[in-house]
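Close look at the chain arrangement
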Amino acid sequence: METVAGTVTHDPPPAAGGRQGGPLIVTEDTELLDDLLRLCAAAGATPEVHHGVPERRGSWEAAPLVLVGDDAARRVRGAVRRRGVVLVGRDQDDSGVWRRAVEIGAEHVLMLPDGEQWLVDRIADVAEGVGRPALTVGVIGGRGGAGASTLACALAVTSAREGLRTLLVDADPLGGGLDVLLGGETAEGLRWPAFASSRGRVGGGALEESLPELHSLRVLSWDRGDRIAVPPQAVRAVLAAARRRGGTVVVDLPRRIDDGVAEVLTQLDVGVLVVPAELRAVAAAARVASAVGMVLRDLRVAVRGPYPPGLDDREVARLLGLPLVGEVPAEPGLARPDGDTAPPGAVPRGPLARFCKEFWERALVEAGAA
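Residues numbered from 1 in each chain as written. Predicted model: local features only at pLDDT ≥ 70, side-chain atom pairs only at ≥ 80, totals over all residues. Heavy atoms only, no water.

Considerations on the overall build of the protein chain
For the protein chain, the helix and strand inventory stands at twelve helices and 15 strands. The dimensions of the protein chain, computed from C-alpha atoms along their principal axes, are 80 × 40 × 40 Å. Put simply, the protein chain has 370 residues, and 51% of those count as buried. Counting contacts in the protein chain only where the partners sit at least 6 residues apart, residues at least 24 apart contribute 70% of the total. Accessible surface, the protein chain: about 17200 Å² in total, of which carbon and sulfur atoms supply 50%. Distance from the positive charge centre (42 side chains) to the negative charge centre (50 side chains) of the protein chain: 4 Å. (Helix = DSSP H or I, 4+ residues; strand = E, 2+ residues; numbered from the N terminus. Buried < 20%, exposed > 50% of the residue type's maximum accessible area, 1.4 Å probe, protein only. Contact = heavy atoms within 4.5 Å. Areas by Shrake-Rupley, 256 points an atom, 1.4 Å probe, with all protein chains shown as cover. Lys, Arg positive; Asp, Glu negative; His and termini not counted. Charge placed at Lys NZ, Arg CZ, Asp CG, Glu CD.)

Given below as structure tokens:
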């Protein structure tokens, strides 16, 4: 067994999708129990507590994670061997803890307080049910007004219509808010400033439930306040939580690359650079691609017409040296004279929705998620 900072490190047992429930805690040490209950609360899990092996048939075997206090090791020695058992203690100098871990078949030995963050992460994993991470796509304009926000919304609306868990993330604080584009600026739910103090691990389920739901998808947008940035650590924590929920995550990116945007780029699977078919737009897009490409390896180009003589989508892709996603079609009727707004991609048989559906079909196959 390999020891790192007082713990035996192995991957946690695989969990199926969906919420799996809280861990089983076995201890009579009231101080240790208080600590474990606190860590379960931090991970958003409700545990089952016993002084020894539960009398109820199957309880020990069915728990997604078992936390055995060092004081209770003797009482669980005869229990059925299973994966996901953690022996939790406090005395770093007690060499006997390793012998007791072997006796009960523990996969991990964890000492508090050093191993608290590791344990919170493991508890949250089993509470949420960790499966395939979300396919995460970033959309960025090659120049201002390229239509990146429209495409990002259309991709998210299409993904949700196809039955996928979908989160649309607005990473551009100066863009006016994607909730506005979706007609949901007054919808109840949290916006980016509420997560500015997030550190460490954010619960994926709690994040999803806290956000506005518009057109069968969740939206993380900006409010109309003065804050125009959140710390990179908060961006990292929120995006990681979103990815753990599975499905798809679509991020509308600004053209400026700051520390927060760099954090988003590190978590993208695919980037789509939206470029109007104009020579000046291609020149501007080349600079954006150069900056984004320093962080994101898989960057592709989607071209918007109309085309001047001698220029088409393939030529734009060639000039930029990027793989071609295709031509983004125009979709009339998005903004109506009466002020009512149809979300981009909302018409299933519309050209934009068809483009987005084909994009997801290809991307999901490439990711092995289809």
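Things to note about the packing of helix α1 (residues 30-42) against helix α4 (residues 116-128)
Between α1 and α4, the least distance of the axes is 8 Å, while the angle of their chain directions is 55°. In this view, α1 runs oblique relative to α4, as classed from their interaxial angle. Viewed along their axes, α1 and α4 form a crossing whose handedness is right-handed. Between α1, through L36, R38, L39, C40 and A42, and α4, the contact on the second element is made entirely by E116, L119, V120 and I123. (Axes fitted to C-alpha atoms, helices over the stretch in contact; angles between N-to-C directions. Parallel < 35°, antiparallel > 145°, perpendicular 65-115°, else oblique. Left-handed = near helix turned anticlockwise from the far one by under 90°.)

Observations regarding the nonpolar core
As a rule of thumb, nonpolar side chains are buried together in soluble globular proteins. Counting 45 residues, the largest nonpolar core has W192, V251, L253, L273, V275 and L320 as its most contacted members. Taken together, the elements giving at least two residues each to this core come down to β9 (166-170), α8 (232-244), β12 (248-253), α9 (259-266), β13 (270-276), α10 (279-293), β14 (299-304) and α11 (313-320). Every residue in contact with V251, bar those within four places of it in the chain, is listed here: T136, V137, G138, V139, V169, A171, L239, V264 and L268. (Core = buried A, V, L, I, M, F, W, Y, C linked by side-chain atoms within 4.5 Å.)

Brief notes about the sheet that holds strand β5 (residues 66-69)
With parallel pairing, five strands are arranged side by side in an open sheet as β4-β3-β5-β6-β7. Edge positions in the open sheet fall to β4 (48-50) and β7 (108-111), since each of these has one partner strand only. Ignoring which end each strand starts from, the neighbouring axes of this sheet average 20° apart. Of the strands in this sheet, β3 (24-26), β4, β5 and β6 (85-89) touch α1, which is tilted by about 170° from β3. (Pairing = 2+ DSSP bridges.)

Some points on the side chain of D35
Tracing the chain through its elements places D35 in helix α1. In contact with D35, other than residues within four places in its own chain, are R90 and L112.

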